[in-house]
Amino acid sequence: MNEPTTALDPRFSDTDAAPTAWQRTVEVLESAEVFWISTVRADGRPHVTPLVAVWLDDALHFCTGPAEQKAVNIRDNPHVALTTGCNQWDNGLDLVVEGEARRVTDDAVLARLAEAWARKWDGRWRFQARDGAFHHDDPGGIALVFAVKPAKVLAFGKGGFSHTRHRF
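These lines cover the structure that appears in this document, whether it is placed above or below. Quick caveat: nothing in here was measured; it's all calculated off a predicted structure. (Residues numbered from 1 in each chain as written. Predicted model: local features only at pLDDT ≥ 70, side-chain atom pairs only at ≥ 80, totals over all residues. Heavy atoms only, no water.)

## Points about the overall build of the protein chain
Quick reminder of the rule: Secondary structure elements are defined from DSSP: runs of H or I of at least 4 residues count as helices, runs of E of at least 2 residues count as strands, and each element is numbered from the N terminus. A radius of gyration in this sense is built from C-alpha atoms; the matching globule rule multiplies 2.2 Å by the number of residues raised to 0.38. Buried residues are those whose accessible area, probed at 1.4 Å on protein chains only, stays under 20% of the maximum for their type, while exposed residues exceed 50% and partly exposed ones sit between those limits. Only the protein chains shown count as cover for residues, and all accessible areas are computed by the Shrake-Rupley method using a 1.4 Å probe. We treat Lys and Arg as the positive residues and Asp and Glu as the negative residues; His and chain ends play no part in the count. A charged residue contributes its charge at one atom only: NZ of Lys, CZ of Arg, CG of Asp or CD of Glu.
Along the protein chain, the regular secondary structure elements total three helices and eleven strands. Tracing the protein chain from N to C terminus, the helices and strands come up as β-α-β-β-β-β-α-β-β-α-β-β-β-β. Computed over its C-alpha atoms, the radius of gyration of the protein chain comes to 17 Å, within 12% of the 15 Å expected for a compact globule of 168 residues. Oriented by its inertia axes, the alpha-carbon framework of the protein chain measures out at about 50 × 40 × 30 Å. Here the protein chain, with 168 residues, has 45% of them falling under the buried criterion. In the structure as shown, the protein chain presents an accessible area of about 9000 Å², 49% of it carried by carbon and sulfur atoms. When the 19 basic and 23 acidic side-chain charges of the protein chain are each reduced to a single mean position, those positions are 4 Å apart.

## Looking at the nonpolar core
Basically, it comes down to this: Nine residue types can take part in a nonpolar core, namely buried Ala, Val, Leu, Ile, Met, Phe, Trp, Tyr and Cys, and a core is a set of them joined through side-chain atoms within 4.5 Å. Pairs of residues are marked as contacts when any of their non-hydrogen atoms sit within 4.5 Å.
F35, F62 and L82 are the most contacted members of the largest nonpolar core, which has 24 residues in total. Those elements that place two or more of their residues in this core are α1 (22-31), β2 (35-40), β5 (59-64), β6 (79-84), β7 (92-104) and β10 (142-158). If one sorts the elements of this core by residue count, β10 sits on top with five residues. Sequence-distant contacts of F62, defined by excluding residues within four places in its chain, comprise I37, L51, V52, A53, I74, L82, A101, W117, L144, V145, F146 and V148. Counting 17 residues, the second-largest nonpolar core is a separate cluster that includes V104, L113, A114 and A116.

## Description of the pairing of strand β3 (residues 46-51)
So the rule is basically this: Criterion used throughout: strands pair if DSSP finds at least two bridges between them.
The alternating pattern of β3 places H47, T49 and L51 on a buried face and P46, V48 and P50 on a face that is not buried. Bridging between β2 and β3 involves six bridges; their strand directions are antiparallel. Its bridge partner lying in β3, S38 is registered against V48. Between the antiparallel neighbours β2 and β3 lie five residues, among them G44 with a positive phi of about 95°.

Structural data, given as structure tokens:
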């Protein structure tokens, strides 16, 4: 991935604020345990739900059952926003990742992602990669995997308030 163009938006930042560095943003993407994904239903209504995700190969990856609402929505409209951060007003960094969700079907890439999921959550999320999807022991047994290469990432620093835009 090319380094993004990074800019501070002074309209929403303290006068002495500096832009959040891309490396700091990536650290939060790598360590965040919960994200919220926003998709759009066919009738235009929004759908928002929490999920776990993994940052790998300059993209945010998530999985979902083929019949889950987010998968249904993405089939019609791949544009998504994923958010993460904390619920404190004066501390932390909140992120919004905007991009298109694209299916990952290459079994070698899926195997690397399955390893990343297991490593990030101490083995609590275990998948087998085969036939272009994740397979697991839960009812239904299959999860589609999506990658979101960011088109734009917004970083909202709190405490010393800053609004940074990383554009690709």
